[in-house]
Structures are given as C-alpha cells and as structure tokens.
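Structure at a glance
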Amino acid sequence: MSHTYEYPRPALTVDCVVFGLDDDDLKVLLIQRGVEPFQGRWALPGGFVRMDESLDEAARRELEEESGIRPGHLEQLFTFGEPERDPRGRVVTVAYFALVKLSAHTLRAATDAREAAWFSVWDTPKLAFDHADILNTALLRLKGKVRYQPIGFELLPPKFTLTQLQRLYEIVLERELDKRNFRKKILAMDLLEELDEVEQDVSHRAARLYRFDHKKYRQLEKAGFNFEL
C-alpha cells in the first residue's frame, strides 16, 4: 500500500559558486536573473531539482544551461534552509562550489539567465536571495581546502610557472608567502613535472614551465601522502 505525505513539503534547488582565476584576481561566476523574484538582480547560477535527476546532475545541468560552463571540479558545499530565504515559498538549496580555468570556458547565458559574467569575489554587486552567504561560505571552504588538497591547480592553466602557482595561493589566502620557503616546500613534494619549456611572449626573463602530476598524486594519496602548504 502506497503512502502519501499529508504535510506541506519544501521545494529543492541547487546553487553553484564557480571560482576562476584571472591574472591577479579571484573571480566568481554570476548570472543576471531574467525572471522574478529578483528580476534583473545578480545571483549564483542554479535552479530547481527535477524529479528524475540527482543533485550533482541538477547542479551540472543548471550550470550549463545558465552559463555554458562544464566544470571539472564540482563538490557539495553546504545546505541552506532558512524558512524565509526564498520569497516564492519554502525552498531548501544544496550549494555546490566549482573551480574552472577561465581560458577554457566561454560564457553563454540561457534559460532564465539574462546575462552571465565574472566578478571579483571582493567586489560583487548585491546578490539575490541569500547568495551572499553562500558565496562567503564557499570562499571560506576554498581558503581552507586549498591548503590541504591540490585543488588550486584546477584554477591554473595546464602549464604554469612557480611564480603563477605562488601567486594563486597568495590571492586565495589574501597574504604574501615567502618565495624561498614556498618553492622549497612545493618542490619537495615531487608532484610537479618540470617541462623543457619556458614562458612565451613575456617582457621579463622567461621562466620555466611546470605541470601538476595528477596520476602521481592519486598514487601517493592512496599510500597516505599528506598534501599541506
């Protein structure tokens, strides 16, 4: 015998915080809402979960539909469920955060998104719903996780210099790092593959390029390796 719930049930949505790195600035992807509520306001990409899809599937679908982004690194962040967070009614959202290489993606707004654009995380417009809280939570997660997991490499081009790598950590952590100590520590992990290539088209002395060895990291991780910067 089937059972039917008789009490009102909340709706379920997903919202995605997508970070990218642009020169000396950490960016977040925002969409301009084309429908009410908060029509014309900027918000995180997201939407309602369909009955036939998982949360991860919903997050990836909404990201692609509203911005054209297909992230490599996507993970659940937190669940936000304050009763008054959405003027449409009782809506609970599962937030995600993603990391992408800006050069690998072209934004394309669609469905109920009027526009999609990158904003500095330090200078965003007033956001719809409780999306400012979601963004702050994602930023704290990134600041913490980048120090004990090599997720920061998801923000860099496939080939990078040690200066670019250090600058990534300085931007995310919002503090300067000692150059000698940083390089000594990261090179001692033996996770960077030194390439027989240097920077091209630069005004200063061209620096050596490196590549992160994902396969080696996965092998070391299984053996109990601890990545920590």
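Before reading on, note that the structure itself is shown above.
Below is a short write-up of the structure. Each chain has its residues counted from 1, running along the sequence as written. Given that the model is predicted, a residue must reach a pLDDT of at least 70 before its local features are reported, and side-chain atom pairs must reach 80 or more before they are shown or counted; all residues, however, enter totals for whole chains, interfaces and linings. Only hydrogens and water are set aside; all other atoms, that is, all heavy atoms of the structure, feed into the side-chain values.

Things to note about unusual backbone geometry
- Each neighbour pair has its own omega, and for Glu36 with Pro37 the value is 0 degrees, a cis peptide bond.
- Each helix corresponds to a stretch of at least 4 residues labelled H or I by DSSP, and each strand to a stretch of at least 2 residues labelled E; elements are numbered beginning at the N terminus. Relative to the helices and strands, Pro37 is located in the loop between β2 (25-33) and β3 (42-43).
- Although it is not a glycine, Asp23 adopts a positive phi angle of roughly 55 degrees.
- With a 1.4 Å probe rolled over the protein chains alone, any residue whose accessible area is under 20% of its type maximum counts as buried; one over 50% counts as exposed, and the rest are partly exposed. Given a relative accessible area of 68%, Asp23 falls into the exposed group.
- Phi is positive for Phe38, close to 65 degrees, though the residue is something other than glycine.

A look at the pattern of salt bridges
- Counted as salt bridges are all cases of a side-chain nitrogen of Lys or Arg within 4 Å of a carboxyl oxygen of Asp or Glu. Summed over all chains, the structure comprises 19 salt bridges.
- Two residues, Lys143 and Glu174, come together in a salt bridge whose shortest N-O distance is 2.7 Å. One end of the pair, Lys143, is in helix α2 (residues 131-145); the other, Glu174, is in the loop between α3 (162-173) and α4 (179-188), and 31 residues separate them in sequence.
- Taking the relative accessible area as the measure of exposure, Lys143 reaches 18% and is therefore buried.
- A single salt-bridge network, built from bridges that share partners, covers Arg50, Glu53, Arg61, Glu62 and Glu65.

Quick notes on the side chain of Arg33
- Relative to the elements of secondary structure, Arg33 occurs in strand β2.
- For the purposes of these results, a polar contact is taken to be a pair of N or O atoms within 3.5 Å, where, inside protein, one atom must be able to donate a hydrogen and its partner to accept one; residues adjacent in sequence count only when each atom of the pair is a side-chain atom. A polar side-chain atom of Arg33 sits 2.7 Å from the main-chain carbonyl oxygen of Pro37.
- The contact definition used throughout considers only heavy atoms, calling two residues in contact when any of these lie within 4.5 Å. If we ignore the near neighbours within four places in the chain, the residues touching Arg33 are Phe38, Gln39, Gly40, Arg41, Ala43, Arg88, Asp112, Arg114, Ala128 and Phe129.

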